[in-house]
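Fold and geometry: a report
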Amino acid sequence: MDNKTIYALSTLLGKSGVAVIRISGKDALKAVELMTDIDSKCIKPRYAYFTDLKDKEGGYKLDKCLILYFKAPHSFTGEDIVELQTHGSRAVIKSVLNNLSKISDFRMAEPGEFSKRAFYNQKMDLTEAEGLADLIDAETEAQQKFAIRQMEGSLKNLYEDWRKELVNIMAYLEAYIDFPDEEIPEDTIIKINNTVFKLRNEIRKHLQSDNIGERLREGFRIVIIGKPNAGKSSLLNAFAKRDVVIVSDIAGTTRDAIDIHLNIKGFPIIITDTAGIRETEEAIEKQGVEIAYKKIEDADLLICLYDASEGSVHDFDNIAEKFKEKMVFVANKSDKLDSKEISDLHRKNELLISAKKQEGIDNLLNYIGNIIEDRFTSNSNILITRARYREALNEALKSLDIFSLNKEIELSAEDIRLAAREIGKITGRIEIDEILDKIFGSFCIGK
Ligand code: GDP
């Protein structure tokens, strides 16, 4: 990271009422000094100034704008920040950016650089920065809710608490390594063992959250399976309420898996249609069948669709053993059934639809929504939202699982160090200085 003051347009480039240009760095006030008549030495932080914005060389007016100043360290990046709220005209934006580019030690920010500086200045850790990125990307209410939690430190607090406990243990152990004549007192051994035991359990429980957090960010995966002609493509179209896949009665027309994105009860859902799963000699379709199997394995929920006029739930007996936990059976083509057949299916509580006539679709969506909602509410409010968190936590757990004070103390300390480092990777905190601070600052052994 260089020392330059950075600037960027924070709103989208295009015609709009207002555009926000953000400037961050030790010289941010230079922009005020050179482009306005405001005395930058007297500008008060967190006050709004309505003023003319002028070309710094020609002195002519570029726009009228609102200026806000946030003084370091009380700003998003932890540096001095000036925000220029100009009118959202391409010409205005271009001329202002052009002026900023000519100020010495100013340069255009790289993507994500404001957040990166905030991280380096310890305004947020990596999980909070990723929470912010998720909030900007959020498309559904649930994504928004969890992104805000993460941005406000829900994961950081949890992981930092764990890491601090490990750093504390490490500081003890390191100290005893430096003073080998000292025996670790019995009560310290018990305390350390108890803490490691507690941490193992907490991490394990946190890891059991069933990939819900990752799914929340990326979308729940629902895959529609069924025999050729069961109506899978038709159902996907009914879900999408538009024609996204070719519907045909020639078996095997759906060559590949196709995704549509839906928002059900605020949760992001990706629904995939699959090529018909059956033996085939045709190469392209074979490929489609392989993709289908992979999708089935990765799916959170399988809609097992059958043609109620000629099939049944037994169409899926071949995969029921392996995937029964996530199978939802849906009988299609209700329009082809007589009233007795319909009441039979109702009696068995089967979900009955007609994809072609768009009947029963809302009921099915509601049913799916309830399943997903249940899975969310039965889990903790703190979810693992990225695979990299999960990987690091698994690694940390491995080290804690082999930790024991019966080993040589250097090895025990190494296990704890590795666990702390893995958790530190998630938040972006590295512990060396902290251990030294702890060792030399908070307690001393032998003077
Ligand atoms: P897929 O092979 O499982 O994707 O099945 P398609 O969606 O391509 O449908 C196969 C045939 O069944 C097409 O002719 C559809 O029009 C027809 N079909 C699909 N759903 C229904 C339905 O609810 N009722 C009736 N009568 N026909 C349907």
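Regarding the environment of G131
With respect to the helices, strands and loops of the structure, G131 is situated in helix α4 (residues 126-137). For the pair formed by G131 and L155, sequence separation is 24 residues and the distance between their alpha carbons is 9.3 Å. The residues touching G131, leaving out its near neighbours within four places in the chain, are A147, Q150 and M151.

Side note on the sheet that holds strand β2 (residues 16-24)
Read from one edge to the other, the open sheet built from six strands follows the order β3-β4-β5-β2-β1-β6, with strand pairing classed as mixed. Pairing within the sheet leaves two strands with one partner each, and these edge strands are β3 (48-54) and β6 (106-108). When strand polarity is set aside, the average angle formed by the axes of neighbouring strands in this sheet is 30°. Sheet strands touched by helix α3 (residues 113-120): β1 (5-9), β2 and β6. Its angle to β1, the strand with the most contacts, is close to 140°.

A closer look at the nonpolar core
Among the nonpolar cores identified, the biggest contains 33 residues, and L235, F239, I269, I271, I368 and F376 are the most heavily contacted of them. When residues of this core are assigned to their parent elements, the largest contribution, six residues, is made by helix α13 (residues 361-377). Leaving out residues up to four positions away in the same chain, F239 has contacts with I224, I260, L262, I271, I303, I361, L364, L365 and I368. Formed by 30 residues, the second largest nonpolar core is a distinct cluster that contains L173, I184, L199 and Y389.

Some details on the packing of helix α7 (residues 186-207) against helix α14 (residues 387-401)
Interaxial distance between α7 and α14 falls to 10 Å at its minimum, and their mutual angle equals 150°. With respect to α14, the element α7 is oriented roughly antiparallel. Our pair here, α7 against α14, has a crossing hand that is left-handed. Of α14, the residues touching α7 (which contributes V196, L199, R200, I203, R204, H206 and L207) are R390, L393, N394, L397, L400 and D401.

Comments concerning the packing of aromatic side chains
Taken as a whole and judged by the stated rule, the model has five aromatic pairs. Seen in terms of ring centroids, F119 and Y120 are 5.6 Å apart; in terms of plane orientation they differ by 55°. Their pairing is tilted. A relative accessible area of 48% places Y120 in the partly exposed class. A network of ring pairs unites the aromatic residues Y159, W162 and Y389 as a single cluster. Over the ring of F114 we find R22; its NZ or CZ atom is 5.3 Å from the centre of that ring.

As for the pattern of salt bridges
All told, the structure shown has 37 salt bridges when counted by the stated rule. Here R163 makes a salt bridge to E160, at a shortest N to O gap of 3.0 Å. Here the residue R163 and the residue E160 both occupy positions in helix α6 (residues 154-178), the gap between them amounting to three residues, near one helical turn. Of the two residues, R163 and E160, neither departs from the other in class, the shared state being buried. For the salt bridge of R347 with D344, the shortest nitrogen-to-oxygen distance reads 2.8 Å. Separated by three residues within a single helix, R347 and D344 lie in helix α12 (residues 339-347), roughly one turn from each other. By relative accessible area, R347 is classed as exposed at 63%. Taking relative accessible area as the criterion, D344 reaches 24% and is therefore assigned partly exposed.

The rules behind these values
Residues numbered from 1 in each chain as written. Predicted model: local features only at pLDDT ≥ 70, side-chain atom pairs only at ≥ 80, totals over all residues. Heavy atoms only, no water. Helix = DSSP H or I, 4+ residues; strand = E, 2+ residues; numbered from the N terminus. Contact = heavy atoms within 4.5 Å. Pairing = 2+ DSSP bridges. Axes fitted to C-alpha atoms, helices over the stretch in contact; angles between N-to-C directions. Core = buried A, V, L, I, M, F, W, Y, C linked by side-chain atoms within 4.5 Å. Buried < 20%, exposed > 50% of the residue type's maximum accessible area, 1.4 Å probe, protein only. Parallel < 35°, antiparallel > 145°, perpendicular 65-115°, else oblique. Left-handed = near helix turned anticlockwise from the far one by under 90°. Phe/Tyr/Trp six-rings, centres within 6.5 Å; stacked < 30°, edge-to-face > 60°. Lys NZ or Arg CZ within 6 Å of the ring centre and 35° of its normal. Salt bridge = Lys/Arg side-chain N within 4 Å of Asp/Glu carboxyl O.

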